[in-house]
Every structure is written in structure tokens, then in C-alpha cells.
Amino acid sequence: MQRIFSGIQPSGIPTLGNYLGAMRNWAALQHDHECIYCVVDLHAITQWQEPADLARQTREMAASLLACGIDPRAHILFNQSAVPAHARLGWIFYCVTRLGWLNRMTQFKDKAGKDRENVSAGLYIYPSLMAADILAYHATRVPVGEDQRQHLELANDIAQKFNHDYGVEFFPHIEPLIMGPAARVMSLRDGTRKMSKSDASDQSRINLNDDADMIAAKIRRAKTDAEPLPGEAEGLEGRPEARNLVGIFAALTDTDHASVLREHGGRGFGAFKESLTALLVEKLAPIASETTRWLNDPGAIEAVLRDGAARAAALCDPIVAEAERLVGFLSVQGVKAGRA
Ligand code: AMP
Ligand code: TRP
């Protein structure tokens, strides 16, 4: 069975983009993979986080994942900082990664913007920590949204360079799993920008805890153009907002653009938006109520994460200990966890 690893930042209530691009796929993969899912709090602090918010948001993300159907008994769910091996392998990878590779990362350029001199060093080297997250488990499959593809290519470069430099075949090749027509859900206000938790406008996104009225209001106000829906997928070209709404509909019904348009082509946006709202409410309302149920019992969430961290450590400690041995770190018996 293939081993899956994926991570998600605890940076607020997840959006429809997170759900369709990540969390829903994570749940589905549990049927035929061994899955390790991580709330990446180490990654979160690459940008300033209020300490009390970070702890709460870590719980919220865990609750959302559980509500989306992650099974913490059959698989593993934990928060990254609870398993020190990630940071240990991360350091080794910072020393394998070349600055030239990091300079190509488009997500860093986006996030740093004009203020390059003033962002954290963590934000810059974050893709190397992400590589460590995955490779600490020798995981080979990584479900993510399209925006993470470049980071996974970098992870493979790191794995290859490590293997080459130390003359071993130790870290495996990673396959990105980028799924579905809505691999990239766009903002409801601007079809050329990704739907994001960090967008200043709450109107730009559907949150996984939005109630039916909120969903209806956001979809009603979602930006569109003046034309009715086209009959074929080609007709969506140059119409990013139309394409986005059709893509969301397709993803929620497990079909594609073409079949949504076969049914809805020729309709105006008013009517299509009503169908889309009904569909969103049907799919998201149960997740919202299940999230609330978990959040009412923070002790239960923490128990899930504690158990997950212990089982995660049991898997990755020996692998990271072996990487440290390959690098040549002197093993002082009894001091390092996981070393024989
Ligand atoms: P983030 O919210 O940026 O921490 O992303 C968490 C996960 O959700 C990653 O796998 C992303 O690729 C995915 N994701 C985030 N936003 C979107 C989006 N608008 N469309 C599709 N996937 C997304
Ligand atoms: N960088 C990812 C994001 O922002 C989160 C992440 C961290 C991740 N470590 C990972 C994803 C390992 C997949 C595998 O969405």
C-alpha cells in the first residue's frame, strides 16, 4: 500500500478551495492508502501568528478535517510541532537545498511581495521543511492543490541531491496527486485570483462553517459576466468567473465542465446560482455541524492529536535517525530518540 502524506496550515477556518482542492481528496484517499495528515503549525509561524489564535486555529483545522471524514484511528492526524523529527530533518534539508532553487519559488514571491527584506527567513526556506515533512515518512504520494506542485518538484530535487551527495538510495521519488476539475478554486470576487483564507474580503470565499444564508448571499453577489452560460467547455475561455462557478459545480457533483454545461448551458447566472447554492448547502451543511460538534469538545480533539503524534513519531523517528547517521552525526547512545 502506498503511503500518503499531506499538510495543511492552521490559518483559519478552511475554505471551499481547501475542501475541494485538498480535504475532500484526503478523505477519499483513505480507502486505499495509508494516510498521514498533518496540521502544519511550524509552517504557520513563517508569518506572524498571535499565539492564542494559533492554538485555537490548530484545533479548528483538526476539527474541520475530522468533520470532512478523516478517520484518526485507521490513519494518522497530528500537529507538526508535536513531532520533533520534522524540524531535525528540516535542518538537514536546509543544508541540501540550493539558494538558486528557492529563488525560483513563485509562492515565496507572491507572499513576500514588495517587502522581501522584511519577511522571515522561515518563509523563504519553508519548501525545504515541507520536503522534510513528506520524506521523514518515506511517503511517495502527496495530495495537494495545483499551487503546491512547484514545492513538490523542489522536494524531489532535495531527495535526489541528498541521495547523490551521500551516495545512497535513501529517499524515494514523490508523486504529486493533483485532482479534479476544481484543483484550483478561484475567488468569488475575482476569477483570476485563488480563493484564500487570507483574502481581506470574506465575500471572496465560502468558509466551511458558513451557514445556508451566508452561502446564498455570497453566491448571489459572486462576480459574473453578462452572457448566459455556454453550451460547451471551450466557451468558458476568457471567462474566469463563469469558469470558476462551473468548476465548483462540477467538483461538487464529481463531474466535469462539459457535463455541467450540457445540463446548464444557455441558462443565465441568476438561475445557475440558485442551483449552485442548493448544491453547496447540501454538501457543506453536514460538515459545518460536525465541525461544531468537535469544537465543543476541545479535549477530544487534543486526544486525537496526541495519539496521532505518538504514532507519527514511531514511523518517522527511525527514518530521520538513519538520515542523521548517513550525514555523519555522532550518535551518543540514549540521547537521541529513535536511534538504536
Ligand atoms: P492553504 O490554505 O494555502 O494552506 O492550502 C491548504 C491546501 O488547500 C493546499 O493543498 C492547497 O493547495 C489547497 N488549496 C488552498 N486554496 C485552494 C484553492 N483556492 N483551490 C484549490 N485548492 C486550494
Ligand atoms: N505548504 C503546504 C500549503 O501551504 C502545506 C504543507 C506543509 C504540505 N507540509 C506539507 C503539503 C507536506 C503537503 C505535504 O498548502
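An account of the accompanying structure is given in this report. Given the structure is predicted, the values throughout are model-derived calculations rather than measurements. (Residues numbered from 1 in each chain as written. Chains lettered and ligands numbered in written order. Predicted model: local features only at pLDDT ≥ 70, side-chain atom pairs only at ≥ 80, totals over all residues. Heavy atoms only, no water.)

1. Considerations on the site of ligand 2
Basically, it comes down to this: When at least one non-hydrogen atom of a residue lies within 4 Å of a molecule or strand, that residue is treated as near it. Counted as a polar contact is a pair of N or O atoms within 3.5 Å, where, for protein atoms, one must be capable of donating a hydrogen and the other of accepting one, and residues adjacent in sequence contribute only when both atoms are in side chains. Areas reported as accessible are Shrake-Rupley estimates using a 1.4 Å probe. Residue values count occlusion only from the protein chains shown. Under the DSSP-based scheme used, a helix requires at least four consecutive residues in state H or I and a strand at least two consecutive residues in state E, with every element numbered from the N terminus.
Taken together, 13 residues form the shell around ligand 2, and within it Gly7, Tyr126, Met130, Asp133 and Gln148 come nearest. Within the side chain of Tyr126, an N or O atom sits 2.5 Å from a nitrogen atom of ligand 2. Look at ligand 2: alone it shows 370 Å² of surface, and the protein chains cover 91% of it. Elements that contribute at least two residues to the shell around ligand 2 include exactly strand S1 (3–8) and helix H7 (121–135).

2. Details of helix H10 (residues 240–252)
Which entries qualify depends on this criterion: Here the expected length of a helix is defined as 1.5 Å per residue gap, with one fewer gap than residues. Accessible area is worked out with a 1.4 Å probe on protein chains only. A residue is then buried under 20% of its type maximum, exposed over 50%, and partly exposed in between. Should any heavy atoms of two residues lie within 4.5 Å, those residues are considered in contact.
Between its terminal C-alpha atoms H10 stretches 18 Å, which fits the 18 Å expected from 13 residues at 1.5 Å a residue. Within H10, 11 of the 13 residues are buried, which leaves the element mostly enclosed by the surrounding structure. Every buried residue belonging to H10 is among Glu241, Ala242, Asn244, Leu245, Val246, Gly247, Ile248, Phe249, Ala250, Ala251 and Leu252, and all of these are buried. Of the surrounding elements, those touching the buried residues of H10 are helix H1 (16–29), helix H11 (257–264) and helix H12 (269–295). Trailing H10 by a residue or two, Asp254 shows a phi angle of about 55°, which is positive.

3. Considering the pattern of salt bridges
Convention followed: For this document, the term salt bridge refers to a Lys or Arg side-chain nitrogen within 4 Å of an Asp or Glu carboxyl oxygen.
Taken as a whole, this structure holds 18 salt bridges when the rule is applied. The salt bridge partner of Asp317 is Arg88, with a shortest N-O separation of 3.8 Å. Here Asp317, found in helix H13 (residues 298–327), pairs with Arg88, found in helix H4 (residues 85–96); they are 229 residues apart in sequence, far enough to count as distant. Glu146 is the salt-bridge partner of Arg149, the closest N and O atoms lying 3.0 Å from each other. Each of Asp202, Arg205, Asp210 and Lys218 takes part in one network of salt bridges that share partners.

4. Describing unusual backbone geometry
Even without glycine at this site, His138 takes up a positive phi of about 50°. If you trace the backbone, His138 turns up in the loop between H7 and strand S4 (141–143). Located in the positive-phi region is Asp254, a residue other than glycine, with phi close to 55°.

5. Regarding the packing of helix H3 (residues 51–67) against H12
Two measures define how a pair of helices packs: the angle their axes make with one another and the distance between the axes. Convention followed: Inter-axis angles, ranging from 0 to 180 degrees, are taken between N-to-C directions of lines fitted to C-alpha atoms, where helices are fitted over the stretch in contact. Throughout this description, any angle smaller than 35 degrees is read as roughly parallel, any larger than 145 degrees as roughly antiparallel, any in the 65 to 115 degree range as roughly perpendicular, and the remainder as oblique. Left-handed describes a crossing in which the near helix is turned anticlockwise from the far one by less than a right angle; the clockwise case is right-handed. Charged means Asp, Glu, Lys or Arg here, nonpolar means Ala, Val, Leu, Ile, Met, Phe, Trp, Tyr, Cys or Pro, and polar covers whatever is left, Gly included.
The N-to-C vectors of H3 and H12 enclose an angle of 130°; their axes lie 8 Å apart at closest approach. Put simply, H3 runs oblique to H12. Every pair of crossing elements has a handedness; the one defined by H3 and H12 is right-handed. Within the contact between the two elements, H3 uses Arg59, Glu60, Ala63, Ser64, Leu66 and Ala67 and H12 uses Ile287, Glu290, Thr291, Trp294 and Leu295. Considering only residue class, the contact of H3 with H12 consists of 6 nonpolar, 2 polar and 3 charged.

6. Overview of the nonpolar core
This is how it is decided: The nonpolar core is taken to be a set of buried Ala, Val, Leu, Ile, Met, Phe, Trp, Tyr and Cys residues, with the residues joined through side-chain atoms within 4.5 Å.
Grouped together as the largest cluster of nonpolar side chains are 54 residues, with contacts concentrated most on Leu16, Tyr19, Met23, Leu65, Ile248, Leu280 and Leu284. Of all hydrophobic cores here, the second largest spans 46 residues; its members include Leu152, Phe162, Val168 and Ala309.

7. Topic: the side chain of Lys273
Where we set the bar: In this tally Asp and Glu are treated as negative and Lys and Arg as positive; neither His nor the chain ends contributes.
Along the chain, Lys273 turns up in helix H12. For the buried Lys273, which has no salt bridge, the nearest side chain bearing the opposite charge is Asp225, at an N-O separation of 9.8 Å. Sequence-distant contacts of Lys273, defined by excluding residues within four places in its chain, comprise Ile219, Arg220, Arg221, Ala222, Thr224 and Leu245.

8. Considering the side chain of Asn244
Considering the arrangement of structural elements, one finds Asn244 in helix H10. Given a relative accessible area of 6%, Asn244 falls into the buried group. With near-sequence residues (within four places) excluded, Asn244 lies in contact with Val185, Met186, Ser187 and Leu188.

Shape is all these values report; function is a separate question.
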